[in-house]
Amino acid sequence: MKQIVKSPIKIKKMKLLRFGRDFKPDQEVILRDYLAIERTRLANERTLLSYIRSSLYLLLGGIAFFQLKEFSNFEYLAILSLVFSAIFFVIGIYRFTLLKKSLKKLYYRTEEKENNTED
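Residues numbered from 1 in each chain as written. Predicted model: local features only at pLDDT ≥ 70, side-chain atom pairs only at ≥ 80, totals over all residues. Heavy atoms only, no water.

An unreviewed UniProt entry lists the protein chain under the name DUF202 domain-containing protein, with Flaviramulus multivorans as the source organism. Quoted verbatim from the Subcellular location (unreviewed entry) field of the UniProt record, the comment on the protein chain reads "Endomembrane system". (UniProt positions renumbered as here; feature names shortened; annotations may be inferred.)

Student: How should I be thinking about the overall build of the protein chain in this particular structure?
Tutor: Looking only at helices and strands, the protein chain features two helices and zero strands. For the protein chain, with 119 residues in total, the buried portion stands at 14%. Intrachain contacts of the protein chain at a sequence separation of at least 6 include 75% that bridge at least 24 residues. Counting every atom, the protein chain has about 10900 Å² of accessible surface; 63% of that belongs to carbon and sulfur. (Helix = DSSP H or I, 4+ residues; strand = E, 2+ residues; numbered from the N terminus. Buried < 20%, exposed > 50% of the residue type's maximum accessible area, 1.4 Å probe, protein only. Contact = heavy atoms within 4.5 Å. Areas by Shrake-Rupley, 256 points an atom, 1.4 Å probe, with all protein chains shown as cover.)

Student: How should the pattern of salt bridges be read in this particular structure?
Tutor: Between side chains of opposite charge, a pair can form as their charged atoms come close. Scanning all chains against the criterion turns up two salt bridges. The closest approach of N and O atoms between R41 and E45, which form a salt bridge, is 2.7 Å. You can see R41 and its partner E45 sitting in helix α1 (residues 31–67), four residues apart, about one turn around the helix. By relative accessible area, R41 is classed as partly exposed at 34%. Through salt bridges that share partners, E38, R41 and E45 make up one connected network. (Salt bridge = Lys/Arg side-chain N within 4 Å of Asp/Glu carboxyl O.)

Student: Looking at this structure, how should I read the UniProt feature "transmembrane region" (unreviewed entry) in the protein chain?
Tutor: Under the local residue numbering, the UniProt record ascribes the feature "transmembrane region" (unreviewed entry) to residues 48–68 and 74–96. The span residues 48–68 is 95% helical and 0% strand by assignment, and the distance between its end C-alpha atoms comes to 31 Å. Secondary structure over residues 74–96 splits into 96% helix and 0% strand, and the C-alpha atoms at its two ends are 33 Å apart.

Student: What's the story with a nonpolar patch on the surface in this structure? I'm lost.
Tutor: Taken together, F66, L68, F71, F74, L77, I79, L80, V83, F84, I87, F88 and I91 make up a surface patch of nonpolar side chains, about 960 Å² in accessible area. Following the sequence through the fold, V83 ends up in helix α2 (residues 75–118). (Patch = residues over 30% accessible without salt bridge, like charges linked within 9 Å, V, L, I, M, F, W, Y side chains within 5 Å.)

Student: Which parts of the structure should I look at to understand the packing of aromatic side chains?
Tutor: What characterises a pair of aromatic rings is the spacing of the ring centres plus the angle enclosed by the ring planes. According to the stated counting rule, one finds three aromatic pairs in the structure shown. Ring plane angle 80 degrees and centroid distance 6.4 Å describe the contact between Y51 and F88, whose orientation is recorded as edge-to-face. Placement of the pair is Y51 in helix α1 and F88 in helix α2, with a sequence separation of 37 residues. Residues F65 and F74 carry aromatic rings whose centres are separated by 5.3 Å and whose planes lie at 50 degrees to one another, so their mutual orientation is tilted. When its relative accessible area of 30% is taken as the criterion, F74 is described as partly exposed. Put simply, the rings of F65, F71 and F74 touch in pairs and so form one group of aromatic residues. (Phe/Tyr/Trp six-rings, centres within 6.5 Å; stacked < 30°, edge-to-face > 60°.)

Dropping the structure here:
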């Protein structure tokens, strides 16, 4: 007979990652951290531009599908493409502003800490 052995390892529940959570530094922010914030800001702008580019491609694709008169079955695909174009644009703007606000809070929080330590 086989015995079933229970594992002594307890599995912890994974914490769900919250979108747009704020980072709170626990130490003084140094030059390396400021440069990392700047890199993140620039990456955020590149991501916004890629969302806009994808949105424009979907918009152009939707318009092109509407221009095909011989293929009436593509009308649904054209509408779907236009809807996804708008969704991509809105998501891109939303994520950009969310991260921008988060970075601004982090930057101002570190500035306030430096000003308080200088006094």
